[in-house]
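Residue-level structural notes
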Amino acid sequence: MGGPHSGPFLLFHVLCFLLTLSEVGSQNNKACALRCPPKSSCVNGSACRCAPGFTSSSGEIFTDPLESCDDINECGPPSPVYCGSSADCQNTEGGYYCTCSPGYEPTSGVTTFQNESENTCQDVDECSSGKHQCDNSTVCVNTVGSYTCHCRQGWVPKPGIRDKQMTTICKEITFPAWTAPPGIKSQSLSAFFERVQKMSRDFKPAMAKTSMQNLVESVDDLLKSSGDLESLDQSSKHVIVTHLLSGLEQILRTLAKAISKGSFTYRSLDGTELSLVVQEQGKGNVTVGQSHARMLLDWAVAAAAGESGPSMVGILSSRNMEKLLANASLELDLEKLKETYESPVRGAKVMLLSAVSSVFLSNTDTEKLDSNVSFAFTLHKQPELKPRQELICAFWKKDSNGNGFWATSGCWKMGSGNGSITCQCSHLSSFAILMAHYDVEDPKLALITKVGLALSLVCLLLCILTFLLVRPIQGSRTTVHLHLCICLFVGSAIFLAGIENEGGEVGTRCRLVAVLLHYCFLAAFCWMSLEGVELYFLVVRVFQGQGLRKLWLCLIGYGVPLIIVGISAGAYSKGYGREKFCWLNFEGGFLWSFVGPVTFIVLGNAIIFVITVWKLTQKFSEINPDIKKLKKVRVLTITAIAQLFVLGCTWVFGLLLFDPESWVLSYIFSILNCLQGFFLFVLYCLLNKKVREEYHKWACMVAGNRYSEFATTTSGSGSGHNQTQALRPSESGM
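For the protein, an unreviewed UniProt entry supplies the name Adhesion G protein-coupled receptor E5 isoform X4 and the organism Odocoileus virginianus. According to the UniProt record, the Subcellular location (unreviewed entry) comment for the protein reads "Cell membrane".

Dropping the structure here:
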């Protein structure tokens, strides 16, 4: 079969077969190229495959001619490529690569790599390498992979800029401006603020601790030798206290920002203590302690909102504020106290038992804290609590006028022991421990006082009308009695209407009431002394019965108390008026402007009465004594002594009433004060026969009695028939 031509023939057939296959493949490739989308290749006549790094919605191989091949994000979910620590994956079209994160660089020098094993990234210290962008007012601090710009020591971020940022810009700390409160004139206060201004001019952040010490010493000097501050009125003193506490808090908070982290404590020679703790923000409790007070709070409370720098907690405790805080008012929860004492509470007198401790934080929004703050205050006085007294945790609250007062809202006492009181508060301010003595209104005593004084006023008015209208008793002693009753009537009316000082603020009305009461009661005692003088002229001056003229009686009875009150008001006008009562103030011995003259009058009258009794004894022992005149003088002496006893005893208790320690004294004074008018009416009117006869006449005239004239005639004849019997009752008056 094989011939010489068989070989070439076979080769020809093979070449023809290969050519046929080539033409078929060329036709198939031409068909895939027309049908597969970009980023893909033909698999066969009916399928395409996406290029590496791309995929379709149907997978790597697809048959739908409308499919497309999209880039695969190898750096994203669900299975991102892990380039290793401090490196980031960067996706590219159809692939990816790894680079070091910002703040890092490869030690190999190759900037891109494909997997974790090729990662050689390490942190770059921008601060030492000079690659940072920090302002000159800040210090560069390297962090892992980055850096931050911190304010220099003694510098703070500019307004609106946060600390510890790459863009932080700072300014140097300055001493805050602090001037004297407006409207208060005081040389001591002016000298203090001149020292503050000098501190401000010389201040350097590096000397912040020294500036704090100098400031505390300056405040001590101001309060220790207060000078003309003591002569200021109560309201001005409280304005100064409010101004000092708020200003110290602001300045110490500012200067503390210039102190490095840690704690700082300073105690002045006068016992004022300053304690500070400065540290980075964090969580957990922190305790700040000193001899006057200790404080426990959550450190998160101390941080100021929007600030990333260190936080600060401080306490300034001073016992020298006590003078300026004298007679400060206390804001009361009257409804709660009414339930406690089962009677209305009109006010409270407070006593400061601890140092005044001002608390300040980096956080200035402390009116409502996220967590309560606990305090333990050391008591420098250990009083024994009496009824209507209690120890309270109080804080100094500023009002809208720049004044201040004690308040207790948001603070409560937790316990006591070892000479200290534990409190909790939901806000921060200046705190202290007070002993409050509540003025609990006694409804029974109030009723007795009002009804009794009304009765006394009626009796005094009857006495005044009697002394004016009953002619048979006219004389110098009746003149004395008339003006005595007038003074007591006016004084009792003012006492009933205005003795209580509502609101606790000593104003013009309260001072005027105190001045009028001072004058009226001094005048009453002066007229009582004039009765002793009348007895002196009647008994000692050989029974001539010639006393002082009416003009001299009025000059002495009204002029002497006017001089005393005028001198007192001119010397110390602020001595009139108290927190609870419109009466003389106990401070500075001002009460002696009333007690002194009264004591002198009582002692003078007592001496006159002793001399009178001695003279009467001598007269009765004579051979032929004038019995009628002697008995008359005896009656006058007895009534004068009784009058002195009632008025004197009333005001012995009255002086104690304005600072009561016992309800017994209040009841005794109220009863005696109410009986004054009734006693004088009985003594000088009802027990006097001539007055009773005049009353009888008036009664008959009012009743229209037809037999009034006959009754008068009968009464006259009866008195002539029984002269001795009728005379004795009228003259004795007892």
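Additional details are given in the paragraphs that follow.
The subject of this paragraph is the packing of helix H4 (residues 208-224) against helix H5 (residues 234-256). Relative orientation of the contacting elements H4 and H5 amounts to 165 degrees, with a least axis distance of 10 Å. The pairing of H4 with H5 is recorded here as roughly antiparallel in orientation. At the point where H4 passes H5, the crossing takes the left-handed sense. Contacts between H4 and H5 involve Ala-208, Ser-211, Met-212, Leu-215, Val-219, Leu-222 and Leu-223 from the first element and Leu-244, Leu-248, Ile-251, Leu-252, Leu-255 and Ala-256 from the second. Each residue belonging to the contact of H4 with H5 can be placed in one class, and the counts come to twelve nonpolar, one polar and no charged.

Our focus in this paragraph is the sheet that holds strand S21 (residues 373-378). Taken together, the five strands give an open sheet; going across it, the order is S16-S17-S21-S25-S24, and neighbouring strands pair in antiparallel fashion. Since the sheet does not close on itself, it has two edges, and those belong to strand S16 (285-289) and strand S24 (411-417), each with one partner. Pairs of neighbouring strands in the sheet enclose a mean axial angle of 15 degrees, with direction left out of account. Pairing between S21 and strand S25 (residues 420-425): six bridges, direction antiparallel. By the bridge assignment, Phe-375 is partnered in S25 with Cys-423.

Across all of its chains, the model carries twelve salt bridges by this definition. One salt bridge connects Arg-195 with Asp-221, and the closest N-O pair in it is separated by 3.1 Å. With Arg-195 in helix H3 (residues 187-202) and Asp-221 in helix H4, this pair connects stretches of sequence that are 26 residues apart. According to the relative accessible area criterion, Arg-195 is partly exposed, its value standing at 38%. The partner of Glu-249 in a salt bridge is Arg-253, and the shortest N-O contact between them spans 2.8 Å. In this pair, Glu-249 and Arg-253 both sit in helix H5, four residues apart, roughly one turn of the helix. A single salt-bridge network, built from bridges that share partners, covers Lys-164, Lys-261 and Glu-280.

A word on the nonpolar core. Counting residues in hydrophobic clusters, the biggest one holds 61 residues, and the most contacted among them are Trp-178, Met-212, Leu-274, Leu-276, Trp-406 and Tyr-438. Tallying contributions element by element places H5 first for this core, with ten residues. Beyond its immediate stretch of four places on either side in the chain, Met-212 contacts Leu-252, Leu-255, Ala-256, Ile-259, Phe-264, Leu-274 and Leu-276. Core analysis: the second largest hydrophobic core is formed by 32 residues, Val-286, Leu-361, Cys-423 and Ile-433 among them.

The α-helix winds at 3.6 residues per turn, so residues separated by three or four positions along the chain end up facing the same way. Between its first and last C-alpha, H5 extends 33 Å over 23 residues, near the 33 Å set by a 1.5 Å rise per residue. A distance of 3.1 Å separates the backbone nitrogen of Ser-235 from a side-chain oxygen at the start of H5, and that oxygen is part of Asp-233.

Turning our attention to the sheet that holds strand S1 (residues 40-44). Taken together, three strands build an open sheet; the order of strands is S1-S2-S4 and the sheet is antiparallel. Two strands in the sheet have a free side with no partner beyond their single neighbour: S1 and strand S4 (61-62). Direction of pairing for S1 relative to strand S2 (residues 47-50): antiparallel, over a ladder of four bridges. What sits directly across from Cys-42, in S2, is Cys-48.

Now for unusual backbone geometry. Of the consecutive residues Pro-77 and Pro-78, the connecting peptide bond is found in the cis state with omega at 10 degrees. Position of Pro-78 among the secondary structure elements: in the loop between strand S5 (70-71) and strand S6 (87-92). With a phi angle near 65 degrees, Asn-327 is a residue other than glycine that sits in the positive phi range. With respect to the element layout, Asn-327 can be found in the loop between strand S18 (311-318) and helix H7 (334-341).

Applying the stated rule across the entire model yields eleven disulfides. One disulfide bridge connects Cys-75 with Cys-89, the sulfur atoms lying 1.7 Å from each other. When the S-S torsion is -65 degrees, as for the bridge of Cys-75 with Cys-89, the disulfide is left-handed. You can see Cys-75 sitting in the loop between S5 and S6 and its partner Cys-89 sitting in strand S6, a full 14 residues away along the chain. Of the residues examined, Cys-75 reaches a relative accessible area of 21% and is grouped as partly exposed. Disulfide pairing places Cys-134 opposite Cys-149 at an S-S distance of 1.9 Å. Measuring the twist about the S-S bond at about -90 degrees, one finds the Cys-134-Cys-149 disulfide to be left-handed.

Before going further, it helps to spend a moment on the environment of Leu-215. For Leu-215, the position within the fold is in helix H4. With a relative accessible area of 0%, Leu-215 lands in the buried category. Note: C-alpha distance between Leu-215 and Leu-252 (37 residues apart in sequence) is 9.1 Å. Not counting chain neighbours up to four residues away, the residues in contact with Leu-215 comprise Trp-178, Val-196, Met-199, Leu-248, Ile-251 and Leu-252.

In terms of residue burial, strand S26 (residues 430-440) counts as a mostly covered element, since eleven of its eleven residues are buried. Residues Ser-430, Ala-432, Leu-434, Ala-436, Tyr-438 and Val-440 of S26 are buried on one face, and the alternating residues Phe-431, Ile-433, Met-435, His-437 and Asp-439, pointing to the opposite face, are buried as well. As paired elements, strand S19 (residues 345-352) and S26 share seven bridges and run antiparallel to each other. Bridging from a neighbouring strand, Gly-347 pairs with Asp-439 of S26. Direction of pairing for strand S20 (residues 356-361) relative to S26: antiparallel, over a ladder of two bridges. The residue of S26 that forms the bridge with Ser-357 is Phe-431. Here strand S22 (residues 389-398) pairs with S26 via seven bridges, running antiparallel. When the sheet's bridge partners are listed, Cys-393 is paired in S26 with Ile-433.

Mapped onto the secondary structure, Arg-294 falls in strand S17 (residues 293-298). In this structure Arg-294 touches Val-288, Gly-289, Ser-374, Phe-375, Ala-376, Thr-378 and Ser-420, once residues within four positions along its chain are discounted.

This part covers the pairing of S22. Among the ten residues that make up S22, seven are buried, leaving the element largely enclosed by the rest of the structure. Summarising the sheet, S22 and strand S23 (residues 404-407) pair through four bridges and their orientation is antiparallel. The partner of Phe-395 across the bridge, within S23, is Ala-407. Taking the residues between adjacent antiparallel strands as the criterion, S22 and S23 are bridged by five residues, where Gly-402 takes a positive phi near 85 degrees.

This next bit is on the environment of Asp-399. Note on placement: Asp-399 falls in the loop between S22 and S23. When its relative accessible area of 25% is taken as the criterion, Asp-399 is described as partly exposed. The sequence separation of Asp-399 and Val-239 amounts to 160 residues, and the corresponding C-alpha distance is 9.7 Å. In this structure the side chain of Asp-399 is engaged in a polar contact, spanning 3.2 Å, whose partner is the backbone nitrogen of Gly-402. Only 2.7 Å separates the side chain of Asp-399 from the backbone nitrogen of Asn-403, close enough to count as a polar contact.

Before going further, it helps to examine a nonpolar patch on the surface. A contiguous nonpolar patch, built from Val-458, Leu-461, Leu-462, Leu-465, Leu-468 and Leu-469 and spanning about 530 Å² of accessible area, is present on the exposed surface. If you trace the backbone, Val-458 turns up in helix H8 (residues 443-469). Val-458 gets classed as partly exposed once you look at its relative accessible area, which sits at 47%.

Thresholds applied
Residues numbered from 1 in each chain as written. Predicted model: local features only at pLDDT ≥ 70, side-chain atom pairs only at ≥ 80, totals over all residues. Heavy atoms only, no water. UniProt positions renumbered as here; feature names shortened; annotations may be inferred. Axes fitted to C-alpha atoms, helices over the stretch in contact; angles between N-to-C directions. Helix = DSSP H or I, 4+ residues; strand = E, 2+ residues; numbered from the N terminus. Parallel < 35°, antiparallel > 145°, perpendicular 65-115°, else oblique. Left-handed = near helix turned anticlockwise from the far one by under 90°. Contact = heavy atoms within 4.5 Å. Nonpolar A, V, L, I, M, F, W, Y, C, P; charged D, E, K, R; others polar. Pairing = 2+ DSSP bridges. Salt bridge = Lys/Arg side-chain N within 4 Å of Asp/Glu carboxyl O. Buried < 20%, exposed > 50% of the residue type's maximum accessible area, 1.4 Å probe, protein only. Core = buried A, V, L, I, M, F, W, Y, C linked by side-chain atoms within 4.5 Å. Expected span 1.5 Å × (residues − 1). Polar contact = N/O pair within 3.5 Å; in protein donor to acceptor, adjacent residues only side chain to side chain. Disulfide = S-S within 2.5 Å. Patch = residues over 30% accessible without salt bridge, like charges linked within 9 Å, V, L, I, M, F, W, Y side chains within 5 Å. Areas by Shrake-Rupley, 256 points an atom, 1.4 Å probe, with all protein chains shown as cover.

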